[in-house]
Amino acid sequence: MVMPLPEKERARPSNTFSRILCAELKTRSLWLIRLRWAVSPVIVAAVGAAMTSSYQPPRLALVMIAGWILCYNLLLWAWAHGLKPSDWQNQTGVQKFIYWQLGLDYLALLALIHLTGGIVSPLLYFCVFHILFAAGLLPRFSAFKFTAAAIGGAALITLGEFYGWMAPHSLTGAADPMAPSSFFQAGLYLFFFAVTLSITAWLATTVMGLFFQRMLQLDAKSEALADYNKRFDVLFAMIKTIGTIRHLDQILEITTHDLAKAMDIKAVSIKLLNEDGTHLVYKASWGLPEKFIKNRRVSLDQSPLNRRIIEGEPFITGRPDDHEMFQFGEDLVAARIQSVLFVPMAVEDKTIGVLGAYCVLPDRFLYDDIAFLRLAAGMVGIGIHNSKAYEAIENSAEERTRFMMRAAHNLRAPLSAVLSMLEVLRERHLGKLTPDQAEYLRRVDRRIHTMLDMINELMHLSTSRSRQTTPSKKPLDTAWLGGRLERTFQNTAAERKIDFKVTMENDLPPVSGNSEQIEQMLENLVSNAIKYTPECGWVMVAFTGAPGNRIAISISDSGIGIPEKDQSRLFTEFFRADNAREKQEQGTGLGLAIVKEIVDAHQGSIQVKSRENHGTTVLVTLPASQMIKEEHN
């Protein structure tokens, strides 16, 4: 495996760090300008105060220096306000602006030093402040440059005054006892000044260097943390994709796109092993040319590299043009790929393919990328495994549906013929029947009708599941639905001495649904309620409005109820509660499964509340239609 570059060789200040540094440079630049506005008034005030004493400073020269500071500060202020926001983001440009400020300040400061005592002037050590500014705001050796400038300027002033090139000035106006009396003494003063500034510059740059280094490390860790968060967000999104999307092509397309964006690289590819394990076939990619992967197969016999990867070894290199490693290296070069990373995809310790990452930058991938891509490969492998399992389940369900349709269709015709024959016998067309014969015929007829009901329900369930589209819907008047239910079941309820009522809230909007299916769903629920309610009981159907522009339909009864242990299985095909079997021997156990299918197809919901021997309430909510109610006959 070709080794990637060490982390430190790739470390650079991030864009965020550079923006923060430029913002700090801008703040300090403007702060220096604001501070400089006070310097000229202070100089003029000091000259005025000196005039009241016996000391007579070179007033005109000092005032001229104050005016000079005011003038160049005005120019700097205009320069700063003329810069665009983008100019302040240019670190080199802002540092150049600070160089000009400190350089002009040094010229003014050296002039003030000459006018206030030269080498013994108390202003001499004001140079320290500018060195500190340079160490904190400018490149590393800037502080030493200003140190050299201050020492050189002080040396020129000392030499000029000592040899009479310029007139010396005393801070007190008289002979200054601190003034050097010999060249050696002046040199000694200058030496200590130079040592002080040099030590200050060294300490300041050392401290700021350590501080900057720590800031870079913190910035690198922050960037790494942000990158990890971004990648973990992608992994979380992949988990959701795997959990919600079942089809293989969609999973592969989404994961390759998300991985390329998360790693900030050009392309990601997925190759899967064929059934006999001899070839890798490109199944999906993001960022690679279509001709690169279309109908392309990699023979493992001719690719030692891919054999190593399939055996579990990740591969990383910055030489995709190596034809001994890559069968299609020329295509990678044509796509300007300079770095590749491959990791095996495995599910349950079985390798199923290879996940690849491609970048146009040289030596782009590091060990962290290997770890991340391995984790992603594991999730992609799980998604592929799940999608194949789901496809197998879908195929099994479709096969079961086809079998149910064939079986129901083949059974319905002979059963209908048997019913016709029984009808001939009951009508005594073949002779008179004894009471026992008539009773047996009645039982056979009831059982055959039960079988026909089950066959019809099986065919309905199979048909609804084989539909590829949602049922056609139209606005259904709730009053019309309620009236149909009342007319359909009032006689049956009266025969069983059951109090049956349908109530309707005023001004309900229409229900959005398929008329045939909605009627079948309601008839199944009301029929069950009447069937399992003893004589002298009651059954209530209520239509009301519900939040979210929906219609709520509740069917309540005082019947036998549903045991708590059976309630979780109510909508399972062929399931009937134990107490229901005891009360009604006949029943298919498909009615509620069909009800659930219809409710789901209409984007509705269904809830059941029940206690054994205390009745049952079924609450169905369906979307309301925005259209005006239609008239139904």
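Everything below is about the structure printed above this text.
Worth saying up front: this structure is predicted, and the values here are computed from it rather than measured.

Draft legend 1. Examining the overall build of the chain more closely. A count of helices and strands for the chain gives 19 helices and 13 strands. Within the chain, buried positions represent 41% of all 633 residues. Of the contacts made within the chain by residues no fewer than 6 positions apart, 69% connect residues no fewer than 24 positions apart. As presented, the chain carries roughly 35200 Å² of accessible surface, and 59% of it is formed by carbon and sulfur atoms.

Draft legend 2. Fine view of the pairing of strand β13 (residues 616-623). Most of β13 sits inside the fold, with six of its eight residues counted as buried. Strand direction decides the pairing type here: strand β11 (residues 550-557) and β13, joined by eight bridges, are antiparallel. Counterpart to I551 in the pairing with β13 is L622. With antiparallel pairing between neighbouring strands as the criterion, strand β12 (residues 605-610) and β13 make up a hairpin whose turn holds five residues, including N613 at a positive phi of roughly 70°.

Draft legend 3. The pattern of salt bridges, seen in detail. Scanning the entire structure with this criterion turns up five salt bridges. Between R36 and D105 there is a salt bridge whose closest N-O contact spans 2.9 Å. Here R36 is found in helix α2 (residues 15-36), whereas its partner D105 is found in helix α6 (residues 91-115), with 69 residues between them in sequence. Assigned by exposure class, R36 and D105 land together as buried.

Draft legend 4. How the structure looks around unusual backbone geometry. Even without glycine at this site, N549 takes up a positive phi of about 55°. Mapping N549 onto the fold places it in the loop between β10 (538-546) and β11. Although it is not a glycine, N613 sits at a positive phi angle of roughly 70°. Positionally, N613 belongs in the loop between β12 and β13. For N613, a relative accessible area of 59% gives the class exposed.

Draft legend 5. The arrangement of helix α3 (residues 39-51) in detail. The terminal C-alpha atoms of α3 lie 19 Å apart, and with 13 residues this matches the ideal 18 Å at 1.5 Å per residue to within 8%. Turning to α3, its buried residues number three or more, namely S40, I43, V47 and A50. All buried residues of α3 project into a common sector of 90° when viewed along the axis, lining one side.

Draft legend 6. Examining the packing of helix α16 (residues 478-495) against helix α17 (residues 515-531) more closely. Running from N to C, α16 and α17 cross one another at 35°; their axes reach a closest spacing of 11 Å. Crossing geometry of α16 relative to α17 is assigned as right-handed. Contact residues: W480, L481, R484, L485, T488, F489, T492 and A493 in α16; S515, I518, E519, L522, E523, V526, S527 and I530 in α17. Residues belonging to the contact of α16 with α17 are distributed by class as follows: nine nonpolar, four polar and three charged.

Draft legend 7. Structural context of the pairing of β11. Of all the eight residues making up β11, seven are buried; the element is thus mostly covered by neighbouring parts of the structure. Bridge count between β10 and β11: eight bridges; the pairing is antiparallel. Within the sheet, the bridge partner assigned to A542 lies in β11 and is S554. Hairpin connection, β10 to β11: the antiparallel pair is bridged by three residues, and G548 has positive phi, about 80°.

Draft legend 8. Highlighting the environment of S512. If you trace the backbone, S512 turns up in strand β9 (residues 511-513). Placed 34 residues apart in sequence, S512 and T478 show a C-alpha to C-alpha distance of 10.0 Å.

Draft legend 9. Fine view of the packing of α6 against helix α8 (residues 142-162). Packing of α6 against α8 leaves a shortest axis separation of 11 Å and a crossing angle of 25°. By the angle class used here, α6 and α8 are roughly parallel. Note that α6 runs across α8; the crossing there is right-handed. The residues of α8 that touch α6, namely those facing Y99, L102, G103, Y106, L110, I113 and H114, are S142, K145, F146, A149, A150, G153, A154, I157 and E161. Taken together, the residues that form the contact of α6 with α8 break down as ten nonpolar, four polar and two charged.

Draft legend 10. Looking closely at a nonpolar patch on the surface. A cluster of nonpolar side chains, namely F141, F144, F184, L188, F191, F192, V195, I199, W202 and L203, defines an oily patch on the protein surface of about 1000 Å² accessible area. The element contributing the most residues to the nonpolar patch is helix α9 (residues 183-244), with eight residues. The topology assignment puts F144 in helix α8. Since its relative accessible area comes to 31%, F144 is described here as partly exposed.

Draft legend 11. Region of interest: the nonpolar core. With 45 residues, the main nonpolar core has L102, I113, C127, F193 and L197 as its most contacted residues. Those elements that provide at least two residues to this core are α2, α3, α4 (59-82), α6, α7 (127-137), α8 and α9. Here L102 is in contact with L32, H130, F133, A134, L138 and F146, once residues within four sequence places are set aside.

Draft legend 12. Spatial organisation of the sheet that holds β12. The sheet built from five strands is open, its strands ordered β8-β10-β11-β13-β12 with mixed pairing. Among the strands making up the open sheet, the edge pair consists of β8 (499-504) and β12. Taken pair by pair, the neighbouring strands of this sheet meet at an average axis angle of 15°, ignoring direction.

Draft legend 13. Examining the packing of aromatic side chains more closely. Scanning the model with the defined rule gives eleven aromatic pairs in all. Relative to F146, the ring of Y106 lies with its centre 5.5 Å away and its plane at 80°, an arrangement referred to as edge-to-face. Here Y106 is found in helix α6, whereas its partner F146 is found in helix α8, with 40 residues between them in sequence. Looking at Y106, the relative accessible area reads 4%, which means it is buried. Taking relative accessible area as the criterion, F146 reaches 8% and is therefore assigned buried. Between F342 and Y358 the ring centres are 5.8 Å apart and the planes differ by 75°, which places this aromatic pair in the edge-to-face class. Of this pair, F342 sits in strand β5 (residues 339-347) while Y358 sits in strand β6 (residues 350-359), and the two are 16 residues apart along the sequence. Here the two residues F342 and Y358 agree in accessibility, since each one is buried. Among the aromatic side chains, those forming a connected cluster through ring pairs are W79, W88 and F97. For K271, the ring lying beneath its charged end belongs to F342, and the centroid distance is 4.7 Å.

Cut-offs used in this document
Counting starts from 1 at the beginning of each chain's written sequence and moves along it residue by residue. Local features in a predicted model are, by the rule used here, given only for residues with pLDDT of at least 70; side-chain atom pairs are given and counted only at 80 or more, and totals for whole chains, interfaces and linings are based on all residues. As a rule here, side-chain values cover all heavy atoms of the structure and leave hydrogens and water aside. The way it works is that DSSP assigns letters per residue, a run of H or I at least four long becomes a helix, a run of E at least two long becomes a strand, and they are numbered from the N terminus. To sort residues, take the accessible area from a 1.4 Å probe on protein chains only and compare it with the maximum for the residue type: under 20% means buried, over 50% means exposed, and anything in between is partly exposed. The criterion used for residue contact is that any of the two residues' heavy atoms lie within 4.5 Å. Throughout, the Shrake-Rupley method with a 1.4 Å probe supplies accessible areas, and for residues the shown protein chains are the sole cover considered. Criterion used throughout: strands pair if DSSP finds at least two bridges between them. Every case where a carboxyl oxygen of Asp or Glu lies within 4 Å of a side-chain nitrogen of Lys or Arg is listed as a salt bridge. Helix span is expected to be 1.5 Å times the residue number reduced by one. Directions pointing from the helix axis toward each C-beta atom define the arc. Under this scheme, a helix contributes an axis fitted over its contacting stretch, all axes are lines through C-alpha atoms, and angles between N-to-C directions fall in the 0 to 180 degree range. Left-handed describes a crossing whose near helix is turned anticlockwise from the far helix through less than a right angle; right-handed describes the clockwise counterpart. Each residue gets one label: Ala, Val, Leu, Ile, Met, Phe, Trp, Tyr, Cys and Pro are nonpolar, Asp, Glu, Lys and Arg are charged, and the others, such as Gly, are polar. Orientation labels follow simple angle bins: below 35 degrees gives roughly parallel, above 145 gives roughly antiparallel, 65 to 115 gives roughly perpendicular, and whatever is left gives oblique. A patch is a set of surface residues, each over 30% in relative accessible area and not in a salt bridge, joined within 9 Å for like charges and within 5 Å for the nonpolar side chains Val, Leu, Ile, Met, Phe, Trp and Tyr. Joining through side-chain atoms within 4.5 Å is the link that ties buried Ala, Val, Leu, Ile, Met, Phe, Trp, Tyr and Cys residues into a set, and such a set is a nonpolar core. In this scheme Phe, Tyr and Trp rings, the latter by its six-membered ring, pair at centre separations within 6.5 Å, and the angle between planes marks the pair as stacked below 30 degrees, edge-to-face above 60, and tilted otherwise. Should the NZ of a Lys or the CZ of an Arg lie within 6 Å of a ring centre and within 35 degrees of the ring normal, that charge is described as sitting over the ring.

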